[in-house]
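# Summary of structural features
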Protein chains: 2
Amino acid sequence: MATISDVATRAGVSTATVSRALNGKSTVDPALAARVFAAAAELGYRPNGPARNLRKQETAVLALIIADVENPFFTAIARGVEDVAHAAGYSVVLCNSDDEPEKEREYIDVALQERVAGVLLSPTGDSESVELLDRHATPVVAVDRPLPNTTSDTVLVDSRLAAAEAVQHFADQGYRRVGCLTGPSGVRTADDRLAGYRDGVEATGLPVSEELVRRSEFKAAGAKQAAHSLLTAPDRPDAVLVANNMMAVGVLETCAELGLRPGRDVGVVAFDDAPWATLLDPPLTVVAQPAYDVGAVAAQLLLGRISGERAEATTKTLSAHLVARASSTRQQA
Amino acid sequence: MATISDVATRAGVSTATVSRALNGKSTVDPALAARVFAAAAELGYRPNGPARNLRKQETAVLALIIADVENPFFTAIARGVEDVAHAAGYSVVLCNSDDEPEKEREYIDVALQERVAGVLLSPTGDSESVELLDRHATPVVAVDRPLPNTTSDTVLVDSRLAAAEAVQHFADQGYRRVGCLTGPSGVRTADDRLAGYRDGVEATGLPVSEELVRRSEFKAAGAKQAAHSLLTAPDRPDAVLVANNMMAVGVLETCAELGLRPGRDVGVVAFDDAPWATLLDPPLTVVAQPAYDVGAVAAQLLLGRISGERAEATTKTLSAHLVARASSTRQQA
DNA sequence: ATGAAAGCGCTAACAA
DNA sequence: TTGTTAGCGCTTTCAT
């Protein structure tokens with residue numbers, strides 16, 4: 001593969017001039033610059049990234065470490081990140097942590113080795129990995145979940161408030177026993193949504209009972225089981241708040257199996273809007289999160305840090321909103 | 001950030017020894033190796049990726065360029081790729097081409113600059129970008145769609161056959177006028193599915209008519225419109241084959257708006273299985289594609305090329321299969 | 001405005 | 001077994 005000195009030779013100039021010309025430095029004779037461009041094109045020259053990165057001691061790549069590329073919430077975030085990063089000339093590498101601290105560490109390690117310019121992290125809850133970043137002075141911004149004991153920029157969704165609102169909505173619709181199906185303990189969003197659920201239960205004077213709460217992975221399979229346990233309990237809830245859209249799939253499967261019609265027999269509200277939510281019968285009420293914006297804002301924050309901003313660490317909290325549909329409306333056909 | 005010579009100094013050895021120890025070369029005195037590891041740990045040393053890549057003239061990263069991270073079919077592929085790449089010590093960078101040749105080129109360019117070890121590409125249909133790869137001798141494998149005029153490894157799904165089978169299935173169920181909604185002309189999978197549809201129509205002796213065919217983007221919005229045009233036409237089809245799961249969302253929305261019940265009023269079969277397909281009423285019949293395997297096989301092929309295999313270019317064609325559910329069954333409640 | 005040359009951090013000959 | 005040393009390809013002083 002052609003190197004800069006091949007180009008220099010062909011254009012009859014020094015490598016320094018080639019570098020200057022190709023990088024658009026002001027001080028290059030137009031005639032020489034033209035020769036350089038021609039030579040580069042003829043040779044199909046492409047600057048060697050690693051060499052440049054080594055020399056400049058910086059790269060134009062951002063690492064985005066999320067739990068799961070198959071979760072639409074995270075892919076929407078990825079879009080947001082990519083759009084703003086790309087506009088600023090940065091590339092994004094996507095990594096799946098699967099919510100395993102070990103994988104998370106591994107990816108952070110790679111990011112550090114490759115000397116990425118910054119990291120966007122949706123932390124598993126493990127604090128150890130963060131120290132890594134800290135120690136190496138690589139800018140980080142936390143996405144969707146806060147970083148433990150750290151003062152870095154953070155972009156969150158106020159899902160606690162949204163969860164409380166969902167419970168209020170259930171109460172308004174006349175549901176009397178509201179349950180909650182949330183994610184693993186220790187995962188901040190899972191705990192927040194549960195806390196919001198409790199806020200709502202308390203505010204509306206609905207009955208409180210630990211028997212109305214279940215936890216599972218943020219996936220369909222676990223949620224299906226948990227929902228079964230919840231909905232076949234002696235004092236089963238007449239409504240349930242589900243903490244994520246993949247879990248919603250499991251819950252709805254269970255409802256179908258038990259012959260429980262959403263809305264009529266059991267109210268259902270799930271976090272995350274999905275294109276198929278309106279196709280269901282009845283359509284699914286959701287808490288829509290501004291996922292794309294979460295990503296976009298986070299990327300902006302990170303880019304700011306990379307370019308040396310030294311302000312206090314900020315936390316941006318975006319808000320989610322309830323989209324009421326028939327799965328949480330009793331008075332339906 | 002600590003460098004290899006910092007570690008060398010601290011351990012009281014040369015940089016060469018540090019390098020050897022850290023890379024697990026056989027010939028290092030255990031005692032020295034221990035000192036090296038200790039020093040590295042104390043300093044939080046992390047080898048400089050760009051420097052190593054420059055020196056070794058190779059990187060352990062694969063680029064995966066797909067149309068859309070928000071399409072579950074592609075994210076499943078990504079999982080397959082990542083799992084095998086990771087097991088072999090490679091990282092994967094994911095890029096969205098949005099099916100735009102320009103973005104595709106841009107990402108290929110970046111991949112080339114960064115000297116990735118290989119590229120997995122789901123081509124937009126533009127051949128120009130392929131020449132780039134070719135010229136730079138970077139191994140490529142085509143995923144889901146073949147590369148134009150090139151002899152590189154390819155992993156496909158036999159969606160033409162599957163489409164024909166879907167039409168046969170419609171015929172078996174007593175549908176008489178089967179339509180087809182496929183993707184943009186020029187996108188190979190879109191054209192293949194259409195061809196398969198035609199094969200099926202011909203084989204079953206169903207009526208042929210260009211008026212039963214529509215095209216749109218591989219997304220919900222376009223498909224919704226196209227479906228409307230198709231289903232409100234004077235001689236509307238009584239069944240429709242949909243070329244992808246995002247389009248299926250649009251089609252089903254249109255059905256709902258027109259008061260057409262899938263299965264009873266209009267048979268529906270869509271490509272790609274989705275977790276929510278069974279939640280619909282009636283459940284959606286799909287052509288399930290082995291997306292994860294596509295990714296896994298492609299990554300294996302690529303890794304083979306990277307390690308210097310010189311065999312003939314192979315094309316692996318995996319098969320899809322119909323999962324019959326009620327949206328294509330007339331005899332339902 | 002251009003060129004010569006140093007050096008980013010690492011690995012791999014080659015010597016010892 | 002260990003150390004010395006020469007680059008990988010690039011950008012960037014420093015001279016000119």
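Computed from a prediction, not measured in an experiment: that's the story for all the values here. (Residues numbered from 1 in each chain as written. Chains lettered and ligands numbered in written order. Predicted model: local features only at pLDDT ≥ 70, side-chain atom pairs only at ≥ 80, totals over all residues. Heavy atoms only, no water.)

Okay, the protein's contact with DNA strand C next. In the region of DNA strand C, 25 residues are neighbours, and T17 and D29 of chain A together with I4, Y45 and R55 of chain B sit closest. Backbone atoms, meaning sugar and phosphate, make up 67% of the atoms of DNA strand C lying within 4 Å of the protein. Between DNA strand C and R20 of chain A there is a distance of 2.7 Å, counted from a base nitrogen to a side-chain nitrogen or oxygen. A distance of 3.3 Å is found between a phosphate oxygen of DNA strand C and a side-chain nitrogen or oxygen belonging to N23 of chain B. Only α2 (15-22) and α4 (49-56) of chain A together with α2 (15-22) and α4 (49-56) of chain B provide two or more residues apiece to the surface near DNA strand C. Per-class residue counts for the surface near DNA strand C are ten nonpolar, eight polar and seven charged. (Near = heavy atom within 4 Å. Polar contact = N/O pair within 3.5 Å; in protein donor to acceptor, adjacent residues only side chain to side chain. Helix = DSSP H or I, 4+ residues; strand = E, 2+ residues; numbered from the N terminus. Nonpolar A, V, L, I, M, F, W, Y, C, P; charged D, E, K, R; others polar.)

Moving on to the packing of aromatic side chains. Inspection of every chain in the model, using the stated rule, returns five aromatic pairs over all chains. For the ring pair W276 of chain A and W276 of chain B, a centre distance of 6.4 Å and an interplane angle of 15° mean the geometry is stacked. Taken as a pair, W276 of chain A in the loop between β9 (267-271) and β10 (285-288) and W276 of chain B in the loop between β9 (267-271) and β10 (285-288) lie in two separate chains rather than in one. Each member of the pair, W276 of chain A as well as W276 of chain B, is classed as buried. Arranged with centres 5.4 Å apart and planes meeting at 80°, the rings of F170 of chain B and Y175 of chain B form a pair that is edge-to-face. (Phe/Tyr/Trp six-rings, centres within 6.5 Å; stacked < 30°, edge-to-face > 60°. Buried < 20%, exposed > 50% of the residue type's maximum accessible area, 1.4 Å probe, protein only.)

Residues and elements named next belong to chain A. Parsing chain A into structural domains produces domain 1 (4-47), domain 2 (58-157 + 291-319) and domain 3 (158-289). Here domain 2 and domain 3 have C-alpha centroids that lie 29 Å from each other. Residue-level contacts link 13 residues of domain 2 with twelve residues of domain 3. For the interface between domain 2 and domain 3, the tally reads zero salt bridges. Taken together, the connections running from domain 2 to domain 3 amount to three residue pairs in polar contact (both at pLDDT 80 or more). (Domains from an automatic or database assignment. Contact = heavy atoms within 4.5 Å. Salt bridge = Lys/Arg side-chain N within 4 Å of Asp/Glu carboxyl O.)

Residue and element names in this part refer to chain A. Tracing the backbone shows T189 in helix α9 (residues 188-204). T189 sits in the buried class, given a relative accessible area of 5%. Residues in contact with T189, not counting those within four places in the same chain, are D144, R145 and F218.

All names here are of chain B. Among the secondary structure elements, T204 is positioned in helix α9 (residues 188-204). With relative accessibility at 22%, the residue T204 sits in the partly exposed group. For the pair T204 and H169, spaced 35 residues apart in the sequence, the C-alpha separation amounts to 9.8 Å. Apart from residues lying up to four places away in sequence, T204 is in contact with V167, Q168 and A171. At a separation of 2.8 Å, a polar atom in the side chain of T204 contacts the main-chain carbonyl oxygen of G200. A distance of 3.2 Å separates a polar atom in the side chain of T204 from the backbone oxygen of V201.

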